[in-house]
Structures are given as structure tokens and as C-alpha cells.
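Each chain is listed here by its residues.
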Amino acid sequence: MSKKGLFLFPSIMAICLSACAVKNYEAKDYVLKMNYSDDFRILQLTDTHVGDKDNMKLHYDFMDLTIKDANPDLIVITGDVFTFASKGTAKEFFNWLEGHNVPWTLTFGNHDEQCFFSIDWLTGYLNGLNAKREKDGSSHCYFKDLQDDNIQGNSNFIINLMNGENAFEQLVIMDSNRYNYKGYFGYDYFHQDQIDWYSRCVEASVPSLMFYHIPLPEVRDAWAAAKEDQSLILNPVGEGQQNEEPCNPDYNSGFYKVIKEKGSTHGMYFGHDHINNYIINYDGIHFGYGIKATDRVYADDSMLGGRVIKLANDHSLSYEDIYHTYAEVK
Ligand SMILES: [Fe+2]
């Protein structure tokens, strides 16, 4: 190696190491804060699946019906937000969300990587909107992906609903990931580092609700229990349906056991299986499929809209299921 090479080598190594560096963040670094208000109304939308070839105005008009009915304090989209969407479509979708002047957040589903942008671009864009909100309130987006934390997934963060100085409830937003490529396909699962993240970041003394995309395998146990005891179903009588087998990961990574041991989470809300809509009180935790928000990909046209999760001042939960049809906006 020449003298010049000897001089440059340590500098290049230092640059590489800093570029590849992984940071260990503290629990507080993942937390965003939002004010709790009495009888807080969270509108869950799910599986919008919007893409470039869609009639977006029709989707917006349709979802506006649900949002108007819900009168939410927060909108949460539980994944599969986009499918075959470009950056322009994604930005337009976020502009539409912002137009409601309501706080909103989202997590990713397995289809959100099937777009004309990378997940890293998407998280970067959402981090940017969140920064605008924190800087001058010019966004309503709550989102935080620490891209250099080396935790599996791209949307693991917590929104603390604050009552004065104290966290009243934690909303735990997690990425249930996409496909299990190393296991030769099938759906991915919550990885051990995410489970460790939950253990470290969720406060046992504060009740919490979780939002993610692919249901945990235990959703099957919940449905089996509800078939034996219909009173466990929390939808209006006769409306909680399972019309398809849950498409869970084949591998159970043991997350539910950790959640139970922690004792904080009392409701978890997901999507993924478009024609299931039940909420079941299983083992002290509400397992809730969302109501699909658009007619994209596959859907039951009579099961479209959204759900309001009502969080009362005593932390009890109740629900309003909202249904609309596209015939109302065509
Ligand atoms: Fe989906």
C-alpha cells in the first residue's frame, strides 16, 4: 500500500463504521406525546390498499363518510395502506389525511413494500411530517421510525396519551412485518428483538392498546372461545364475523405470552384478513379485526367502513362499527 493509501485507509474505515453504526436508543426515544381528552375516540381504518390505478377521489369520498360519522380524536391505519402506489399517490393520500385536521398515525402491512418506492423512503417521508408537526404544528402526523436502531420492522413506536404530566394510556404501534423470506415465504412474525423492545418500552403500570397488521396466532384461540361463548363477541349482536381463516404466520414467536406477563395491554387491533370483523374479549384482552376502509384487492362490499374504539376515563373500551357502501358516493 502506498503512503497515500496508508493515510486514507483509516479515514475510509471510520466513515464506513459511522455509516453502518447502529444506535441503542432508550425507551423514551420511541415515545411521542398526545393529549388525552375525555372518552377518547380512535378511528381504526385498515387495508386501504390504494394504488396508482385507483379512482382516488372515489376512495376519498367513501372514507370521508366514515371519518365524518366517527368524529375521531385520532385516526389509526393498521397497515396495507398502499399497493402498487408511487410517491405521488402516497403524498396525495397523506395530504388528504391532513385535510381532516385530525391527528393520524399508521403502521405497515405486508403489502406496503409492493410499491414504486422503498419502505425507507416511506418512513423518511412520515418522519418528516412528524417533524413538521413537532416544529410548528403544520402536520397532524404522529410517526416515528428510528431507522438506525436495528430493531426489526419500520414502524415501532409509542404514542403516550397524556393526562397532564402523566401517561394515561400508551398506544403501541408495531410493525408485524411482511413475508418470511428466510422460511421460504408465508407471513413474517414479530421477531425476538421486537418482543424485547415491547418488554423494555411498554410500562407495566400504564394500560396500553396495540395496533399492528397481521393478527397473532392466538386470534384463532379467541375465535374458538367465542364460538363456545357468544358473549365474548363485542360487536353488535350477529355482526362479528369470521369469513376467512386467519392468515397468520406459521411460526409463533411467543409474543402473546410476553404481552400477558407484562399485564399492560388490554386491547389489540389489526387487519390483514379483509372479510373478518370481529372483536373478542379473550383472556382479558380485546382482539379486534378492523373493518376494511376501501373496496380494494378483495372485500365484502357490505363490510366496508371503519371502527371507533372508545377509550373511557376509567380505561374501559367500547366500540362503534361504521359501515357504508360505495353506492353512496358513486
Ligand atoms: Fe390487506
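Residues numbered from 1 in each chain as written. Predicted model: local features only at pLDDT ≥ 70, side-chain atom pairs only at ≥ 80, totals over all residues. Heavy atoms only, no water.

> Explain the sheet that holds strand 11 (residues 305–311) here, please?
Where strands meet in a sheet, backbone hydrogen bonds hold them as pairs that are either parallel or antiparallel. Strand order in this open sheet of five strands is 4-3-2-11-12, and the pairing throughout is mixed. Looking at the sheet topology across the chains shown, the edges are occupied by strand 4 (104–107) and strand 12 (317–323). Adjacent strand axes in the sheet meet at a mean angle of 20°, parallel and antiparallel pairs treated alike. Inspection of the sheet shows strand 2 (residues 40–45) paired to strand 11 by five bridges, in the antiparallel sense. Its bridge partner lying in strand 11, Ile42 is registered against Ile309. Packed on one face of the sheet, helix 2 (residues 56–70) meets strand 2, strand 3 (74–78), strand 11 and strand 12 and runs near 160° to strand 2. Contacts from helix 3 (residues 87–98) reach strand 3 and strand 4 within the one sheet, and its direction differs from that of strand 4 by about 140°. (Pairing = 2+ DSSP bridges. Helix = DSSP H or I, 4+ residues; strand = E, 2+ residues; numbered from the N terminus. Axes fitted to C-alpha atoms, helices over the stretch in contact; angles between N-to-C directions. Contact = heavy atoms within 4.5 Å.)

> Please clarify how the coordination of the iron ion should be interpreted in this entry.
Only Asp47 (OD), His49 (NE2), Asp80 (OD) and His274 (NE2) from the protein coordinate the iron ion, and they sit 2.0 to 2.2 Å from it. Because the angles between the four donor atoms bound to the iron ion fall within 88 to 172°, the donor set is best described as irregular. (Donors = N, O, S within 2.8 Å, 3.2 Å for Na, K, Ca; no water. Tetrahedral: all angles 85-135°; square planar, octahedral: opposite > 155°, others 65-115°.)

> For this particular structure, what's the right way to read unusual backbone geometry?
Peptide bonds are, in most cases, trans, and in most cases residues other than glycine have a negative phi. With phi around 50°, Asp39 is a residue other than glycine that occupies positive phi space. Tracing the sequence through the fold places Asp39 in the loop between strand 1 (31–35) and strand 2. Although it is not a glycine, Asn71 sits at a positive phi angle of roughly 45°. As for its placement among the helices and strands, Asn71 is situated in the loop between helix 2 and strand 3.

> Would you mind showing me how to read helix 6 (residues 219–228) here?
Helical geometry: 3.6 residues make up each α-helical turn, so side chains three or four residues apart lie on a common side. Within helix 6, burial applies to Val219, Ala222, Trp223 and Ala226. On an axial view of helix 6, the arc spanned by its buried residues comes to 95°, and they lie on one face. Projecting away from the buried face of helix 6 at angles above 90 degrees are the exposed residues Lys227 and Glu228. Lining the buried residues of helix 6 we find strand 8 (265–270), strand 9 (279–282) and strand 10 (285–289). (Buried < 20%, exposed > 50% of the residue type's maximum accessible area, 1.4 Å probe, protein only. Arc of directions from axis to C-beta.)

> Quick question: what am I supposed to make of the environment of Ile280 here?
Among the structural elements, Ile280 can be located in strand 9. The sequence separation of Ile280 and Asp314 amounts to 34 residues, and the corresponding C-alpha distance is 20 Å. Beyond its immediate sequence surroundings of up to four residues, Ile280 is in contact with Ala222, Trp223, Ala226, Leu232, Ile233, Leu234, Ile285, His286 and Phe287.

> Sorry, what's going on with the packing of aromatic side chains here?
The geometry of an aromatic ring pair is captured by the separation of the ring centres together with the interplanar angle, meaning the angle of the planes. All told, the structure shown has 30 aromatic pairs when counted by the stated rule. Seen in terms of ring centroids, Phe62 and Tyr326 are 4.1 Å apart; in terms of plane orientation they differ by 15°. Their pairing is stacked. Highlighted residues: Phe62 in helix 2 and Tyr326 in the segment after strand 12, separated in sequence by 264 residues. Accessibility expressed as a relative area gives 6% for Tyr326, which makes it buried. Of the aromatic side chains, those joined through ring pairs into one cluster are Tyr60, Phe82, Phe93, Phe94, Trp96, Trp104, Phe117, Trp121 and Tyr125. Directly above the aromatic system of Tyr142 lies the positively charged group of Arg133, at a separation of 3.5 Å from the ring centroid. (Phe/Tyr/Trp six-rings, centres within 6.5 Å; stacked < 30°, edge-to-face > 60°. Lys NZ or Arg CZ within 6 Å of the ring centre and 35° of its normal.)

> How should the nonpolar core be read in this particular structure?
Soluble globular proteins: nonpolar side chains tend toward being buried together. Within the largest apolar cluster, 61 residues are counted, with the highest numbers of intra-cluster contacts made by Phe82, Phe93, Phe94 and Leu126. Broken down by element, the residue count for this core peaks at seven residues, all from helix 2. Among the nonpolar cores identified, the runner-up in size contains 33 residues, and Ile151, Val172, Ile259 and Ile285 belong to it. (Core = buried A, V, L, I, M, F, W, Y, C linked by side-chain atoms within 4.5 Å.)

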